[in-house]
Amino acid sequence: MSGLNIPHDPNLIVGIETADDAGVYRLSETLALVQTVDFFTPIVDDPFDYGRIAALNSINDVWAMGGTPVTALAVTCFPKKGLDFSILGEIMRGGLQVLTENGVALVGGHSVDNQQIMFGYAVTGTIDPRRVIANRGARLGDALILTKPVGTGVVSTGIKFGRAGEEATRASLETMLLAGREAARLMSEAGASAATDVTGFALLGHAWELARASEVSLEIDSSSVPLIPGALELAAAGMLTSGDKSNRRYVGEDVALADEIPPALASLLFDPQTAGGLLISVAPERAPELLARLRERYRDAAIIGRVVERGTHLIRVS
């Protein structure tokens, strides 16, 4: 959409300019809409789990803005011939379970006849326009907290090639099915400066978007980044997605990795995530308490870095 001449709308609080997780449109002084859409190909074998993951992956974008998801429209591609429609039924049943658990009403959807299965949701939420947590508000000195471990991409690849063990498979599924609702509530209460949902552009891609939007530089300690058990070994074995290369190209020379970082660990920092955690920028004096509260629900949450400089958008990874 970068080539489009989109007219200015004063009520569009968050648009496409900063590659944020969702758009925010003001309806009144106290009410705004939060809107997002996401769908993707299957990353697990079980259709019910696929539906659950797809629902959380979509809803998480609203939570990442500090919003409350309200309604969802299902979006799917599914072949008319060759596959039993009961599979689609299980996908949608899984998604509906997650929507219902989180108070999101399914209001309809759209399907397309296509050989490649894809599924997800367009989600609408609400928020007070004065309390939006965008990716452009990070402040000098802020601590950076990541709520979930990374590695879902390489584990999914490992599953596809029969290389992922039971522990890695189970841990990856648990990570993807861990809702971001509580993290959103806690970061809002802590007065987070900025936040973003870590998904397809990987930890470093989304961190770079946050840095660019906020016009700050970041330092990230790679040894502090939580990893899904078994993901490092799968990355070392070459179980990488195509996103490893494309995400490196995306950030270009704005991300500098220290020479001593092992290649497998570097790959996990560029690994595309599905239903990943929140990367939260918060004042350093509030970070310890926020982390402690997050760990009651997100046991792998960790402080992984800090905001170090204004006026640039570089990321240094040690």
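Heads up: these notes are all about the structure in this document. From a predicted model like this one, the values you see are computed outputs, not experimental measurements. (Residues numbered from 1 in each chain as written. Predicted model: local features only at pLDDT ≥ 70, side-chain atom pairs only at ≥ 80, totals over all residues. Heavy atoms only, no water.)

### Observations regarding the packing of aromatic side chains
In step 1: The final tally for this structure, using the stated rule, is six aromatic pairs.
In step 2: Centre to centre, the rings of Phe78 and Phe85 are 5.6 Å apart; their planes meet at 40°, and the pair counts as tilted.
In step 3: Overall, the relative accessible area of 4% leaves Phe78 in the buried class.
In step 4: Given a relative accessible area of 48%, Phe85 falls into the partly exposed group.
In step 5: Aromatic pair Phe201 and Tyr250: ring centres 4.3 Å apart, planes at 15°, arrangement stacked. One end of the pair, Phe201, is in the loop between strand E8 (194–197) and helix H6 (202–214); the other, Tyr250, is in helix H8 (residues 243–251), and 49 residues separate them in sequence.
In step 6: A relative accessible area of 35% places Phe201 in the partly exposed class.
In step 7: Here Tyr250 falls in the partly exposed class, since its relative accessible area comes to 25%.
In step 8: These aromatic residues form a ring-pair network of at least three members: Phe40, Tyr50, Phe119 and Tyr121. (Phe/Tyr/Trp six-rings, centres within 6.5 Å; stacked < 30°, edge-to-face > 60°. Buried < 20%, exposed > 50% of the residue type's maximum accessible area, 1.4 Å probe, protein only. Helix = DSSP H or I, 4+ residues; strand = E, 2+ residues; numbered from the N terminus.)

### Overview of the sheet that holds strand E10 (residues 255–257)
In step 1: If you walk across this open sheet you meet the seven strands as E8-E11-E7-E12-E9-E13-E10, and the pairing is mixed. The two strands at the open ends of the sheet, each matched to only one other strand, are E8 and E10. Taking each pair of neighbouring strands and ignoring which way they run, the sheet shows an average axis angle of 20°.
In step 2: Inspection of the sheet shows E10 paired to strand E13 (residues 315–317) by three bridges, in the parallel sense. Residue pairing across strands places Leu257 opposite Val317, the latter belonging to E13.
In step 3: Packing against the sheet, helix H10 (residues 287–294) makes contact with strand E7 (143–146), strand E11 (278–282) and strand E12 (302–310), and its axis sits at approximately 5° to E7. (Pairing = 2+ DSSP bridges. Axes fitted to C-alpha atoms, helices over the stretch in contact; angles between N-to-C directions. Contact = heavy atoms within 4.5 Å.)

### Description of the sheet that holds strand E1 (residues 12–14)
In step 1: Judged by pairing direction, the sheet is mixed, and its six strands sit side by side in the order E1-E2-E3-E6-E4-E5 without closing on themselves. Either end of the sheet is taken by a strand with one partner, and the two such strands are E1 and strand E5 (105–113). Sheet twist, expressed as the mean angle between neighbouring strand axes with direction ignored, is 20°.
In step 2: Relative to strand E3 (residues 32–40), strand E2 (residues 23–26) runs antiparallel, the two sharing four bridges. Directly across from Gly23, in E3, lies its bridge partner Gln35.
In step 3: Strands E3, strand E4 (68–78) and strand E6 (118–127) of the sheet are contacted by helix H1 (residues 47–64), whose axis makes an angle of about 30° with E6.

### Section: the environment of Thr71
In step 1: Following the sequence through the fold, Thr71 ends up in strand E4.
In step 2: Accessibility expressed as a relative area gives 24% for Thr71, which makes it partly exposed.
In step 3: Sequence separation between Thr71 and Tyr121 is 50 residues; the distance between their C-alpha atoms is 9.6 Å.
In step 4: Setting aside anything within four residues of it in sequence, one finds Thr71 in contact with Val104, Ala105, Val107, Ala122, Val123 and Thr124.

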